[in-house]
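# Observations on the three-dimensional arrangement
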Amino acid sequence: MNEWYEQAKRKLETEKNSGNYDRYASAMKGAVCEALDGFCRQDAEFAQAVVQGGTFSDCMKAVAKSCGSAISDLEAFRRAVRFYFPGADVKFHMTVNLCADVEAEAAAAAPVASAGPKILNLEDFL
């Protein structure tokens, strides 16, 4: 990893455990910190903004501001990212696996490392 990521990771973990949070921010801080860590791992420039930006406690105040009684994970992550990097956005992608239980049973029955599902490009057969 890069040095900005390592610094950002340390900063987020240290400040997550030492900050003062209201009940809303306290409920969200773990998931938000984990998401920010992932974003820092993805982009060194974002990691640098976290290192040089405000505190995680202030970030969580911005996330929890005007959240009412609930806020979606996506909106919480978006607010956190924009606290450190105004104008940035978070994209969200979900998929459904209708055979998850069957695959889990098969993996338990045969604990051989699986490479996962195969993706075929039909153009390869032409």
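Summarised in this report is the structure supplied together with it. None of these values were measured; they are calculated from a predicted model. Numbering of residues starts from 1 in each chain and follows the order in which that chain's sequence is written. Per-residue local features are limited, in this predicted model, to residues with pLDDT of at least 70; the limit for side-chain atom pairs, both in listing and counting, is 80 or more; totals at the level of whole chains, interfaces and linings are taken over all residues. Think of the side-chain values as coming from all heavy atoms in the structure, minus any hydrogens and water.

## Details of unusual backbone geometry
Of all residues except glycine, most have a negative phi; of all peptide bonds, most are trans. Not every positive phi belongs to a glycine, and Ser66 is a case in point at roughly 55 degrees. Numbering goes from the N terminus for both helices and strands, where a helix is a DSSP run of H or I of at least four residues and a strand is a run of E of at least two. Checked against the element boundaries, Ser66 lands in the loop between α4 (56-64) and α5 (73-84). Taking the relative accessible area as the measure of exposure, Ser66 reaches 66% and is therefore exposed. Throughout, exposure labels follow a simple rule: accessible area from a 1.4 Å probe, protein chains only, divided by the maximum for the residue type, with under 20% read as buried, over 50% as exposed, and the rest as partly exposed.

## Quick word on helix α2 (residues 23-42)
Compared with an ideal rise of 1.5 Å per residue, which puts 20 residues at 28 Å, α2 spans 30 Å between its outermost C-alpha atoms and is within 8% of the ideal. Note on bend: at a given residue it equals the angle between the axes fitted to the 7 residues ending there and to the 7 starting there. At Lys29, α2 is bent by approximately 50 degrees, the largest bend along its length. Those residues of α2 not exposed but buried are Ala25, Met28, Val32, Cys33, Ala35, Leu36, Asp37, Gly38, Phe39 and Cys40. At its buried positions, α2 is contacted by α1 (3-18), α3 (44-52), α4 and α5. Working rule for helices: expected span equals 1.5 Å times residues minus one. When checking whether two residues touch, look at their non-hydrogen atoms; a contact exists if any pair is within 4.5 Å.

## Focus on the packing of aromatic side chains
Each Phe, Tyr or Trp ring, with Trp reduced to its six-membered ring, pairs with another whose centre is within 6.5 Å; inter-plane angles below 30 degrees give stacked pairs, above 60 give edge-to-face pairs, and intermediate values give tilted ones. Counting across every chain of the model gives three aromatic pairs. When the ring of Phe39 is compared with that of Phe46, the centres are 6.4 Å apart and the planes differ by 80 degrees; the resulting orientation is edge-to-face. In this structure, Phe39 and Phe46 share a single accessibility class: buried.

## Things to note about the pattern of salt bridges
A side chain of one charge can pair with a side chain of the opposite charge when the charged atoms of the two come close. Salt bridges are counted wherever a side-chain nitrogen of Lys or Arg sits within 4 Å of a carboxyl oxygen of Asp or Glu. Using the criterion set out here, one finds eight salt bridges in the structure. Two residues, Lys9 and Asp37, come together in a salt bridge whose shortest N-O distance is 3.6 Å. Placement of the pair is Lys9 in helix α1 and Asp37 in helix α2, with a sequence separation of 28 residues. One salt bridge in this structure joins Arg78 and Asp89, with 2.6 Å as the shortest N-O distance. Taken together, the residues span a long stretch of sequence, with Arg78 in helix α5 and Asp89 in the loop between α5 and α6 (100-109) at a distance of 11 residues. Using a relative accessible area of 40% as the deciding quantity, one classes Asp89 as partly exposed.

## Details of the packing of α2 against α4
Angles run from 0 to 180 degrees between N-to-C directions of axes, and those axes are lines fitted to C-alpha atoms, restricted for helices to the stretch in contact. Packing of α2 against α4 leaves a shortest axis separation of 10 Å and a crossing angle of 115 degrees. The angle between α2 and α4 falls in the class roughly perpendicular. For the pair α2 and α4, the sense of crossing is right-handed. For the pair α2 and α4, contact is made by Tyr24, Ala25, Met28, Lys29, Val32, Cys33 and Leu36 and by Phe56, Cys59, Met60, Val63 and Ala64, respectively. Here the nonpolar group is Ala, Val, Leu, Ile, Met, Phe, Trp, Tyr, Cys and Pro; Asp, Glu, Lys and Arg are the charged ones; every other residue, Gly included, is treated as polar. For the contact of α2 with α4, a count of residues per class yields 11 nonpolar, no polar and one charged. Angle categories: roughly parallel below 35 degrees, roughly antiparallel above 145, roughly perpendicular from 65 to 115, and oblique for all the rest. By convention, the crossing between two helices is left-handed when the near helix turns anticlockwise from the far helix through less than a right angle, and right-handed when the turn is clockwise.

## Some words on the environment of Ala110
Along the chain, Ala110 falls in the segment after α6. As for Ala110 and Gly54, which are separated by 56 residues in sequence, their C-alpha atoms are 48 Å apart.

## Here's the deal with the environment of Asn17
Tracing the backbone through its elements, the reader meets Asn17 in helix α1. For the pair Asn17 and Leu36, spaced 19 residues apart in the sequence, the C-alpha separation amounts to 15 Å. By the criterion applied in these results, polar contacts are pairs of N or O atoms within 3.5 Å in which, for protein atoms, one can donate a hydrogen and the other can accept it, and in which residues neighboring in sequence qualify only through two side-chain atoms. Among the polar contacts listed, one links the side chain of Asn17 to the backbone oxygen of Glu13, at a separation of 3.0 Å.

Everything listed here is a matter of geometry and, on its own, says nothing about what the molecule does.
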